[in-house]
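Descriptive analysis of the structure
The residues making up each chain are set out below.
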Amino acid sequence: MIKTIVEQFSETIELPIEVEEVAAAITAIGVPDEIHFVPVDARTEEIRGAFGQFYYSPGVYAESVYVTHIPYNSNDTLEWQRVVCCKELVHLFDTDMERTDTPQEISEFLEKLVGALSTDDYGPADFMAAKDKMALYQALPLLLPRAALHNARVAVEAGKMTVEDVAARAKMPVILVKLMLNEEWETLNGALGGHS
């Protein structure tokens, strides 16, 4: 289903894409009822973003509302906050196997996430950490869609824009825009199931 959302934005050339626009597109297809982005004060080297879901009832006989909270680090730059929030939105499409449900799973996942991925310790936590890293790459076409990326490549190759100019326009980290402008991006993104 992430492909559906990526494709919905693919012909957009006007930048920046607002994270709230992406969230609205996701709620429009009925994944959760509500999505809230919540700034938190944290150390960047410890956490950039998270993802949590719950139901609440707005009234005694009212239907339950399915809510997604996405805490993001208010100490990160705006560019990284945007990427992290979109990466967390990608997790809305994760399977049950890719999600952590218990305190032990969360602990094991965090240990894998901040530790070495390439160990001989295979299991659900390793899989979830790998999926979390992949989600970042899957989120990038939501902020720099195919049509805008094409225009940016043409402008950079013609010397009319720099990578930094594109990053500023897209409100994304330069390092990630540089990756997307690389000719290998199409192959990498295709392998991840993207279209951009």
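All figures in this text were calculated on a predicted structure; none of them were measured in a lab.

Moving on to the environment of Lys178. With respect to the helices and strands, the residue Lys178 is situated in helix α8 (residues 174–181). In this structure Lys178 comes out as exposed when scored by relative accessible area, which is 56%.

What follows covers the confidence of the model for the chain. Detail in the predicted coordinates should be disregarded across regions flagged by low pLDDT. The predicted model of the chain averages 85 in pLDDT, with 79% of residues at 70 or higher. Within the chain, helix α7 (residues 163–170) carries the highest mean pLDDT (98), whereas helix α4 (residues 103–114) carries the lowest (46). When the criterion is pLDDT under 50, residues 102–110 qualifies, and its contacts beyond four places in sequence or with other chains add up to nine contacts.

Counted under the stated rule, the structure contains one aromatic pair. Each ring, one from Tyr55 and one from Tyr66, has its centre 4.6 Å from the other, and the planes form 20°; the classification is stacked. With Tyr55 in strand β2 (residues 52–56) and Tyr66 in strand β3 (residues 65–73), this residue pair connects regions lying eleven residues apart in the sequence. Looking at Tyr55, the relative accessible area reads 57%, which means it is exposed. Arg48 extends its terminal NZ or CZ atom over the ring of Trp80, reaching a point 4.2 Å from the ring centre.

Here we take up the state of the cysteines. In the structure shown here, the tally under the stated rule is zero disulfides. This cysteine, Cys85, is not joined by any disulfide, and Cys86 carries the nearest cysteine sulfur, 7.3 Å off. You can call Cys86 buried: its relative accessible area is 0%.

Let's shift gears to helix α2 (residues 19–28). Looking only at α2, the buried set comprises Val19, Val22, Ala23, Ala25 and Ile26. For α2, the angular spread of buried residues about the axis comes to 160°, placing them on one side. In α2, the exposed positions that point more than 90 degrees away from the buried face belong to Glu20 and Ala28. Gly30 sits one or two positions beyond α2 and adopts a positive phi of about 85°.

It is worth spelling out the pairing of β3 at this point. The two faces of the sheet receive side chains in turn, since in a regular strand these alternate between them. Within β3, seven of the nine residues are buried, leaving the element largely enclosed by the surrounding structure. Here seven bridges tie strand β1 (residues 34–40) to β3, and the two strands are oriented parallel to one another. The residue of β3 that forms the bridge with Ile35 is Thr68. Sheet topology note: the β2/β3 ladder contains five bridges and is antiparallel. For Tyr55, the partnering residue across the bridge sits in β3 and is Tyr66.

Read across the sheet, three strands follow the order β1-β3-β2 without closing on themselves; strand pairing throughout is mixed. Since the sheet does not close on itself, it has two edges, and those belong to β1 and β2, each with one partner. Shown here is a sheet whose adjacent strand axes are inclined to one another by a mean of 30°, direction ignored.

At a closest axis distance of 10 Å, the pairing of helix α1 (residues 2–9) and α2 adopts a crossing angle of 130°. Compared by their axis directions, α1 and α2 come out oblique. As for the relative orientation of α1 and α2, their crossing is right-handed in sense. On α2, the residues that touch Ile5, Gln8 and Phe9 of α1 are Glu21, Val22, Ala25 and Ile26.

This next bit is on the side chain of Arg153. In this fold, Arg153 is placed in helix α6 (residues 146–157). Using a relative accessible area of 16% as the deciding quantity, one classes Arg153 as buried. In terms of polar contacts, Arg153 uses its side chain to reach the backbone carbonyl oxygen of Leu181, at 3.4 Å. For Arg153, the contacting residues outside a window of four places in its chain are Met180, Leu181, Asn182, Trp185 and Glu186.

Cut-offs applied
- Residues numbered from 1 in each chain as written.
- Predicted model: local features only at pLDDT ≥ 70, side-chain atom pairs only at ≥ 80, totals over all residues.
- Heavy atoms only, no water.
- Helix = DSSP H or I, 4+ residues; strand = E, 2+ residues; numbered from the N terminus.
- Buried < 20%, exposed > 50% of the residue type's maximum accessible area, 1.4 Å probe, protein only.
- pLDDT = per-residue confidence, 0-100.
- Contact = heavy atoms within 4.5 Å.
- Phe/Tyr/Trp six-rings, centres within 6.5 Å; stacked < 30°, edge-to-face > 60°.
- Lys NZ or Arg CZ within 6 Å of the ring centre and 35° of its normal.
- Disulfide = S-S within 2.5 Å.
- Arc of directions from axis to C-beta.
- Pairing = 2+ DSSP bridges.
- Axes fitted to C-alpha atoms, helices over the stretch in contact; angles between N-to-C directions.
- Parallel < 35°, antiparallel > 145°, perpendicular 65-115°, else oblique.
- Left-handed = near helix turned anticlockwise from the far one by under 90°.
- Polar contact = N/O pair within 3.5 Å; in protein donor to acceptor, adjacent residues only side chain to side chain.

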